Amino acid sequence: MSDQGKTAVSTKDAPAAIGPYSQAVRVGDMLFASGQVGLDPATGQMVAGGITEQTVRVLENVKAVLAQAGLDLRHVVKTTVFLKTMSDFAAMNEVYAKYLAPEGVVPPARSTVAVAGLPKDALVEIEVIVKGAA
């Protein structure tokens, strides 16, 4: 444990933090995950393709961080989605639904906003808040 009961969560199966932040921080039974973009953790490069491919990679990166903490997408209670353009909303939402709202799963609360720019000129970034066993 570190200061204030915070523990950093980190995995090589998701892109490494490129600044002074953690991939995720656990406090008790809550996990606060930093936003993920469509970087391939093996190459450090943005995945080829458009919003669909980037959204898949983003959510695979999120899954990897959660797995390192012993959690999965069913534990996600809140997401924030940042889009470079709202015209990508429908395509992002189609992928998002497969990962975070499959039949029989209560989907997390969500905010979606358009932003002027994202790291590495990404089209989408998603951050999550998770509640699970400590």
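Quick notes on the rules
- Residues numbered from 1 in each chain as written.
- Predicted model: local features only at pLDDT ≥ 70, side-chain atom pairs only at ≥ 80, totals over all residues.
- Heavy atoms only, no water.
- Helix = DSSP H or I, 4+ residues; strand = E, 2+ residues; numbered from the N terminus.
- Rg over C-alpha atoms; globule rule 2.2 N^0.38 Å.
- Buried < 20%, exposed > 50% of the residue type's maximum accessible area, 1.4 Å probe, protein only.
- Contact = heavy atoms within 4.5 Å.
- Areas by Shrake-Rupley, 256 points an atom, 1.4 Å probe, with all protein chains shown as cover.
- Lys, Arg positive; Asp, Glu negative; His and termini not counted.
- Charge placed at Lys NZ, Arg CZ, Asp CG, Glu CD.
- Expected span 1.5 Å × (residues − 1).
- Arc of directions from axis to C-beta.

J.: Just checking my understanding: could you explain the overall build of the protein chain for this structure?
T.: Check the secondary structure of the protein chain and you find two helices and six strands. Mapped in sequence order, the helices and strands of the protein chain form the string β-β-β-α-β-α-β-β. For the protein chain, the C-alpha radius of gyration of 14 Å lies close to 14 Å, the compact-globule estimate for 134 residues. The principal-axis extents of the C-alpha atoms in the protein chain amount to approximately 40 × 35 × 25 Å. The buried share among the 134 residues of the protein chain stands at 37%. Considering only contacts in the protein chain between residues 6 or more positions apart, those separated by 24 or more positions represent 68%. Counting every atom, the protein chain has about 7000 Å² of accessible surface; 56% of that belongs to carbon and sulfur. Averaging the locations of the 12 positively and 13 negatively charged side chains of the protein chain gives two centres separated by 4 Å.

J.: It is not clear to me how helix α2 (residues 89-100) should be interpreted in this structure. Could you clarify?
T.: Along an α-helix, residues three or four positions apart point the same way, because every turn accommodates 3.6 residues. An ideal rise of 1.5 Å per residue puts 16 Å on 12 residues; α2 measures up with 15 Å between its terminal C-alpha atoms. Those residues of α2 not exposed but buried are M92, V95, Y96, Y99 and L100. All buried residues of α2 fall inside an arc of 115° around its axis, so they share one side. Exposed side chains of α2 directed beyond 90 degrees from the buried face belong to A90, E94 and K98. Lining the buried residues of α2 we find α1 (51-68), β4 (76-83), β5 (109-114) and β6 (124-131).

J.: Can you walk me through α1 in this structure?
T.: In this model α1 runs 26 Å from its N-terminal to its C-terminal C-alpha over 18 residues, within 8% of the 26 Å that 1.5 Å per residue would give. The inward-facing, buried residues of α1 abut β1 (6-9), β2 (24-27), β3 (30-36), β4, α2 and β6. Positive backbone phi, approximately 75°, marks G70, located one or two places after α1.

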